[in-house]
Amino acid sequence: MDVQDRSRPVIPAPADVWMLVVQHPTALRRSTRELATALTAAYGSRFAVWHTDELLFGVQDGRLVLRTLGGADLPAPEVVCVRQVAGPMRDDREVTLLRHLERMGSTLVNSVDAQLNSRNKVWQLQELALAGLPVPDTLSYATAPLEGVVRSSHLRAPCVVKSVRGSRGGQVFLAPDARLLRQVAGSLQQDAPFLFQELVAPSHGRCLRVVVVDGEPVDTVLHTSGGDALAANIAQGGSATPCPGRYPRAEELAVRAAAAVGLDIAGVDLLFAGEDTYTVCEVNAVPGWRPFMTAVAPAITACLARRLADRERSGRRAPAAHGAGHRAQGAYGTKG
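Please read these numbers as outputs of a predicted model, since none were measured by experiment.

Enquirer: Could you clarify how one ought to interpret the packing of aromatic side chains in this entry?
Expert: How two aromatic rings sit relative to each other is given by the distance of their centres and the angle of their planes. The final tally for this structure, using the stated rule, is four aromatic pairs. Consider the rings of tyrosine 247 and phenylalanine 272, whose centres lie 5.8 Å apart with planes at 75°: the pair is edge-to-face. With tyrosine 247 in the loop between strand S14 (239–242) and helix H7 (248–261) and phenylalanine 272 in strand S15 (residues 265–274), this pair connects stretches of sequence that are 25 residues apart. Here tyrosine 247 matches phenylalanine 272 in class, with each residue buried. Members of the aromatic cluster, joined through ring pairs, are Tyr247, Phe272 and Tyr278. When the ring centre of phenylalanine 272 is taken as origin, the NZ or CZ atom of arginine 206, which lies over that ring, is 3.9 Å away.

Listed below in structure tokens is the structure:
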């Protein structure tokens, strides 16, 4: 995945399909590597993987510009598949880069607005509730002191406590009663606010993950926790059982949830609220998937192909680079 010698010019045409991933040295997820391999097979030298710490951007002579860290000018790509997890994105860093690419004319999948909606769990709930979709009752706050929040008369226990920016089941726990919640409030990390969410008891230790691409449920898995744990995430020791088509009402709800948040590609987590009834737990803009979920990478590849075709039909082209620059060959394709 790392870039090879950047001083050596290679093919004259830069990549016009990008995958944008997390900065070095963070290892890429298995599903991201699988997708990069699929896109390399589909686009060859037209495809490249860029890490966020390899790029510079700004304004020169009144034009938006994009450059490599080594100083080479880059044209904006036609389509960017964003595989940077939304939760940890910072407004002044990764979000600004995404916004710059979008303002230069690139089509981002998913868009900046959709990424912003999905990275904060309360923002998600706002969009889902306004769309009339079922979500658990939830309480959060802006600058109120946490010690005061946990004493609010509107806070019901038991409840699920989550960071509004958490991912992969991290910073999630069950508070069985208000007394325990008050006891632990002072020890919680407060880099971001927490939300306090109704416990959906029928779904304790299990949830459905539906991967949605362009309004279609591509694959579905049942996640179950190990032992009596609340969270069923694989990262927290849970297991995954394939079940595409087994829960059609859940898959229909997942499609509506992805649309409500504005996501073309989404991993929608659903809770079991009762017999064949579900509520939306959260919506992820950069879903991972298990090796047996073989339909996902081809579906995303087809989604990007449709975005390219849409641009060609409409005559949209991203602006050329500000000046000439060397090009380098990356592990997954040509880097502009």
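Enquirer: How should I be thinking about the sheet that holds strand S10 (residues 172–175) in this particular structure?
Expert: Strand pairing within a sheet occurs via backbone hydrogen bonds; the two strands may be parallel or antiparallel. Strand order across the open sheet formed by four strands is S8-S11-S9-S10, with antiparallel pairing between neighbours. The open sheet terminates on both sides in strands that have one partner only, identified here as strand S8 (138–139) and S10. Relative to strand S11 (residues 194–198), strand S9 (residues 159–163) runs antiparallel, the two being bridged by five bridges. Following the sheet pairing, lysine 162 is matched in S11 by leucine 195. In the packing of helix H4 (residues 121–130) onto the sheet, contacts are made with S8, S9 and S11, and the angle to S11 comes to roughly 45°.

Enquirer: I would appreciate a short explanation of the environment of proline 77 in the present structure.
Expert: Positionally, proline 77 belongs in the loop between strand S5 (73–74) and strand S6 (79–82). Separated by 29 residues in the primary sequence, proline 77 and alanine 48 have C-alpha atoms spaced 9.8 Å apart.

Enquirer: Please clarify how the layout of surface pockets should be interpreted in this entry.
Expert: Over the atoms rolls a probe the size of a water molecule, and in doing so it shows where empty space is left. For the second largest pocket, the calculated volume is near 210 Å³. Around the second largest pocket, the lining residues are Asp137, Thr138, Leu139, His154, Leu155, Arg156, Pro158, Cys159, Phe196, Gln197, Glu198 and Leu199. The set of elements that each furnish at least two residues to the lining of the second largest pocket consists of S8 and S11. Among the elements that make up the lining of the second largest pocket, the one with the highest residue count is S11 (three residues). Partitioned by chemical class, the residues of the lining of the second largest pocket number six nonpolar, three polar and three charged.

Parameters and conventions
- Residues numbered from 1 in each chain as written.
- Predicted model: local features only at pLDDT ≥ 70, side-chain atom pairs only at ≥ 80, totals over all residues.
- Heavy atoms only, no water.
- Phe/Tyr/Trp six-rings, centres within 6.5 Å; stacked < 30°, edge-to-face > 60°.
- Helix = DSSP H or I, 4+ residues; strand = E, 2+ residues; numbered from the N terminus.
- Buried < 20%, exposed > 50% of the residue type's maximum accessible area, 1.4 Å probe, protein only.
- Lys NZ or Arg CZ within 6 Å of the ring centre and 35° of its normal.
- Pairing = 2+ DSSP bridges.
- Contact = heavy atoms within 4.5 Å.
- Axes fitted to C-alpha atoms, helices over the stretch in contact; angles between N-to-C directions.
- 1 Å grid on protein atoms, 1.4 Å probe; cavity = no way out; pocket = protein on both sides within 12 Å on 5 of 7 lines; lining within 4 Å.
- Points joined across faces, edges and corners; volume = space filled by probe spheres on them.
- Nonpolar A, V, L, I, M, F, W, Y, C, P; charged D, E, K, R; others polar.

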